[in-house]
Structure formats: C-alpha cells, structure tokens
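An overview of the molecular structure
The primary structure of each chain is shown beneath.
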Amino acid sequence: MATVPQTPPTKEPGKPGLLAKVRDTQVWKSIFRHGYPDTQRNRALAVLSNVFLHLHPVRVRKSGIALSFTWCMGGVTFFLFLVEAVTGILLMFYYRPVAYSAYNDIQELRETIPLGLMRELHRWGAHAMVLTVWLHMFRVFMTGSYKPPREFNWVVGVVLLLLTLLLSFTGYLLPWDQLAIWAITVGSNMARATPLMGHEGPGASLLTLDGEHLVTAGSDVRFALLGGRFVGENALLRFYVLHCVFIPVIAVMLMAVHFWRVRKDGGISGPL
Amino acid sequence: MNTLFEYILKPVMTFVAKPHILLPASSVALVLTLKYYRTVTKPKIAATIGLVLAGLLVVSCFDPNFKKNILKPDNVPIVLLLFGLLFFLWLSLRRAAINDEAAERGEPPLEARMKRESVLVWPDLVMIELICLVLVSAVLVFWAIFIRAPLEEPASAALTPNPSKAPWYFLGLQEMLVYFDPWYAGVLLPTLIIVGLMAIPYVDTNPKGSGYYTLKERKFAITVYLFGFIIFWVVLITIGTFLRGANWNFFGPYDKWDPHFQQPLKNINISEIFWVKMLKQGMPSEWYIRELPGLLMAGAFMLLGPLILAKTVLKDLFRKLDIVRFSVVAVLMLFMISMPIKMLGRWLINLKYVIYIPEYFINI
C-alpha cells in the first residue's frame, strides 16, 4: 500500500495575521456569528444574520440585479434618503426655525462653520432624490413591474413619491430667504383654491351659517397649513416640524412596507 | 460660425421653444419615437441624437442669457433630468426593441434567458449596491463642492420677486396656471395625477409584459404613461423653468427677462363668444343662462367623451375591460386630454374660460 503523499498546505502555517487574530476574539465572534464569507454557507449567513442585509433574500435572480434592468434607482433613492437624514441631523445642530435667526443660521453655516458642505449635500441630495424617485417609477412602469402580484406595492410607491415631493417642498422654506418664502407662497396659494375647503375654492362661498361665511382666509385649509394668512413665522415652524419629524416618520414606515412587499411579492420582477 | 449661431440657430431655437410649438413638436417627436423605436434606438442613431442635443446645449452656452439661466444652481437638476430621461428612455426602448424582435422569432426576452441562473446576494448584489453607493456619494460631493446652494436676500413679505416661481418640480403645474384656474391646475389635476397613478395596476389588465422590457405588447399603456410623464410633466417643467420670465411671460431661451415687457390680454370666454359675437346681443344676467353654452360643452365632453372613446380610440380596451375599469380609464384620459384642448383653445382663439362663474369661483 503506497502512502498517499500529503498535499502541502497552501500557506506556511506561521503565526496568524493581525486580522485573523481579531477575528478570533470573543468580541468579533459575538458580533459576527459566521466565518469569513468565502463559502456558500458563510455567504448565506452574512445576509441572513445581518439585520440590514436581511432585507435581501439569500439568492436572487441574475437578470433581476443587472444594472441595465433595474438602473439601481430604487436603491439610490433609499441611499439618498439616508444621506438626507444624516446631513439633515447635522444641520439641525445649527439651525433654529424661528424667523429672527433662521436666515442668519444658514449664513453662518455657509461661512463660518467647519464642514460647511452639509447644506449643499442636503440640498443637492434632495434634488437628486426627486430625480431618482421619478426614474425609479419610470423603470418600474417600463418593465411592467406593477402588474399582479405587485399592484399594492406600486400604490405604496406612489405615496412615497408624493412624500418625497412634500419633503422637498417643506424643506424649501427653511433657509428663509426670498427664494424660499416666495416659492412656498406660490405653492401654498394653491390651497386657497381647494374646492369647499379653500376660501377661493369652488363652492366655498355656498357654505354659510346665518349668513356668515364659514370658509374664510382665516379658517380655510391654507390657514391650517401655514398657521396664518401668509407665509410667516408660524408657517416656518410648521414646515420645520413637518420636514424633520412628521413626513420622515411616515416615509420610513412606508419604506419598510415597500421593501418588505418587494420580497413578499416575489422579489425583483422578472418574466414568468 | 458666429453668424450661423446668431442668424440661424438662435431664431430657430427661439421659434421651437414657444409653448405652442414646443408642446406639439415634442408630442410628435414622442409619437415618432414610439412608432419607429427599433430604428431610433439603434446605438449609432441614438448616440447621434444625444450628441446633437448636447452640442446644442454647449453651443447655446455662448449666449450669456442662456448660460445664466441654465447654470442657476436650482436649475441644474432639470438639465440632469432632461439628459437622464433621454438616456433611460433610450435604454428602456432599446431593451424593448431587442425583446420584441426576439419574441417575433419565438424566443424568450433577454431577462428570461438568464432566469434559471440565480446568484448569491453576498457578494454579487451587495457589491453592485456598494459601487452605486460610492459613485452616488462621489457625484454628490463634487456637486456640493462646485455648486453652492443658493441663498438670496432675507425673506421679506413686502418685496415680491418677479417672477415668483414654485420649486422646480412643481413648475409644470404652475405652467398649467396659464391655462386653468388654481383650483383646477393646482388642486384637481395634482389629485387626479396621484389617483390616476395609483389606479394604473388595477385598470391595466394586460397580463403581458410583466418583468421585462417590451413596447409591442403594451403599446397603449406605455404611450399614455410617456405622454403624461414626458410631455405633461417634464416638458411643462422645462417651459416653466427656462422659458417663463417676468410676469410669467414667455421669453425665448436667449432672451433677457425684461420685467417691463407686457403682453396684451385679449382672452375671451366662451359665453362672450356665443352671446356677443355670434348672437350679437348682451350677456344674460343670470349665470346659468349666461354659461349655458360652456356648461353644455363641458357636460358633453365628460358624458359623451367616454362613449366616443369607447367607439374609437379605446375600442379594443372597451371590449377587454369591465364597465367600472373602463369608466375610470376614460375619465382619467378625458382630464388628461382637457389640458391640450384648453391650450389649443388659448393658442387658436384666445379662449379664456369655457365656464366662467366667478360667483362661486367655478372657472374652467
């Protein structure tokens, strides 16, 4: 019987490297429950045992992840949302939503504060997010990915599109400069014309009680939005709260539904 | 070269950019693109079109007014949008052309040929995501370094800028204010856009074309969607941003926005055309008699419109859909068609309102 020659080890069994040592510590092992993701099993575990990555399935259809198919627009939109959240929080350290200081705080941000790029990143990121969300919808339409069983997720997506626009719109007022206040004035003037609920809307003049108009410039839907008859201090505070808390919270909840449903409805769409 | 720019390019571009030329022209361009998509999307032809458009943009930047308008910090995203949209329109129609040709040979679409192959998310997808993330971050950082976010004078309720413009993504709606009152352009249309978008998966019962690019199998749906998105949203935004200046007057792409320029207002209502011009008599004092012609026209449009659509353009759809779905499609389409109809009325006969009831703020 000939002895089978032992295959020589590919690496000299010397001292383990620093990385290997770190990976062998209790701390590392407590965080990452699997070995280095170079085997099928560990790669699956890398996705399964990570709360952020587990939005993904372990395996995906190859055609589904091709850049020429998805354009990665949904992913980029989500990434831009995260950029907006991070830069937005940094901006909140410096910005106070009151009329006497808002403009000066922004000027301060531009001129004296280190890492003054935050406002630029926030503004251009917001513009980019509007673009990518439109292009994402365009892609989803062109691939017919709203068809059964994904109808409801399309509806959620439409609401998210609307929220993206509202986030951008409410943020537009915050610099409190001429551009901001007049753009919001033009935009919110539309609310005046809401049927029955705006004081210049169709039918609003029919709503009377003992001859008194119920819907006036001081009680209509525009007043509720702005907290006043014109874009002033109350509007600034309202838009700030809507921009920083109210709309983002709803958007995050709907995003969770949106991503969850992508998986539950069969993953990225593909031909049957 | 300079003469070519001054005496040929500028007048031609200014002419094309006029709303009553640009909207019909871009509609025709879209229809032709969809009709001849297999030829137009051939890489060489598409690249030529793209280069010509990019060339026009670059050459036009020699004009100081054009350059100033294009490079306004908040207008940069619209330029990105226009070229991004053209690129992705090309990409999707190119893939559709390839798939449709394959289907004619009896072969499955591109996406199906890879179908059986599945890959691990780690590393395949995670790597794609990482690369996208790095690229987007890089683009954003460069954008932020080279273009500062605008900050104008402090807010003042006493100083109204001329023109006052909404944020750029709402400028299509603001452009519609030229033709409609705020309750229609600013409230009803946006609501219908949202509702209409949400309705798409429930009214499009065509089972074909799910999960792959195609045009041939979904010609109607894609045509309607692209008209809504490209013509009535993006082209209107372009007009509202680049071609509307002081007092919301139209200015050519190379014009200076002169605040003293006034356009004579000579628009008239349907009621005036009917009672004064046609019957040569005074306006009736009661609004329901005065506005009867307009009310009848609008009523006929909304009631007879679906019937006419069912017999003509939407004949096939009427056969395939149940009555509820068909009504939703027909009503949404009629509202969409109401935009170009009112625009044509304005351009051709200076139409102001079809229905004018200022007593109740109902003007259409």
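Residues numbered from 1 in each chain as written. Chains lettered and ligands numbered in written order. Predicted model: local features only at pLDDT ≥ 70, side-chain atom pairs only at ≥ 80, totals over all residues. Heavy atoms only, no water.

**Here we look at the nonpolar core**
Ranked by size, the top nonpolar core spans 129 residues in total, and within it Trp134(A), Phe138(A) and Leu226(B) carry the most contacts. It is helix 11 (residues 219-242) of chain B that provides the largest number of residues to this core, a total of 16 residues. When neighbours within four sequence positions are excluded, Leu226(B) is seen to be in contact with Phe138(A), Met142(A), Leu30(B), Leu34(B), Leu89(B) and Ile231(B). Counting eleven residues, the second-largest nonpolar core is a separate cluster that includes Leu309(B), Ala310(B), Ala330(B) and Leu334(B). (Core = buried A, V, L, I, M, F, W, Y, C linked by side-chain atoms within 4.5 Å. Buried < 20%, exposed > 50% of the residue type's maximum accessible area, 1.4 Å probe, protein only. Helix = DSSP H or I, 4+ residues; strand = E, 2+ residues; numbered from the N terminus. Contact = heavy atoms within 4.5 Å.)

**Points about the interface of chain B and chain A**
In this assembly, 92 residues from chain B lie in contact with 88 residues from chain A. Its largest share of buried area at the contact with chain A, chain B owes to Leu120(B), Trp122(B) and Leu151(B), together 8% of the area lost on that side. Linking chain B with chain A are three salt bridges, by the criterion used here. Between Asp74(B) and Arg123(A) there is a salt bridge, and its shortest N-O distance comes to 2.7 Å. Contributing elements (two or more residues each) for the side of chain B that touches chain A: helix 6 (76-104), helix 7 (110-113), strand 1 (118-120), helix 8 (121-146), helix 10 (182-203) and helix 11 of chain B. The leading source of residues in the side of chain B that touches chain A is helix 8 of chain B, at 17 residues. Of the residues that constitute the side of chain B that touches chain A, the class distribution is 64 nonpolar, 13 polar and 15 charged. (Buried area = accessible area lost by both parts, 1.4 Å probe. Salt bridge = Lys/Arg side-chain N within 4 Å of Asp/Glu carboxyl O. Nonpolar A, V, L, I, M, F, W, Y, C, P; charged D, E, K, R; others polar.)

**Concerning the environment of Ile230(B)**
All names here are of chain B. Tracing the backbone shows Ile230 in helix 11. Since its relative accessible area comes to 12%, Ile230 is described here as buried. Sequence-wise, Ile230 and Leu89 are 141 residues apart; in three dimensions their C-alpha atoms are separated by 9.9 Å. Among all residues touching Ile230, those that are not within four sequence positions of it are Leu30, Leu85, Leu89 and Val235.

**Details of the packing of aromatic side chains**
Think of a pair of aromatic rings as described by two things: how far the centres are apart, and how the planes are tilted against each other in angle. Tallied over the entire structure, the rule returns 32 aromatic pairs over all chains. When the ring of Phe141(A) is compared with that of Tyr146(A), the centres are 5.3 Å apart and the planes differ by 25 degrees; the resulting orientation is stacked. By the burial criterion, Phe141(A) is buried, and Tyr146(A) matches it. Between Trp168(B) and Tyr169(B), the aromatic rings sit 5.4 Å apart at their centres with planes inclined by 70 degrees, giving edge-to-face as the arrangement. Both residues of the pair, Trp168(B) and Tyr169(B), count as buried. (Phe/Tyr/Trp six-rings, centres within 6.5 Å; stacked < 30°, edge-to-face > 60°.)

Structural measurements only, silent on function.
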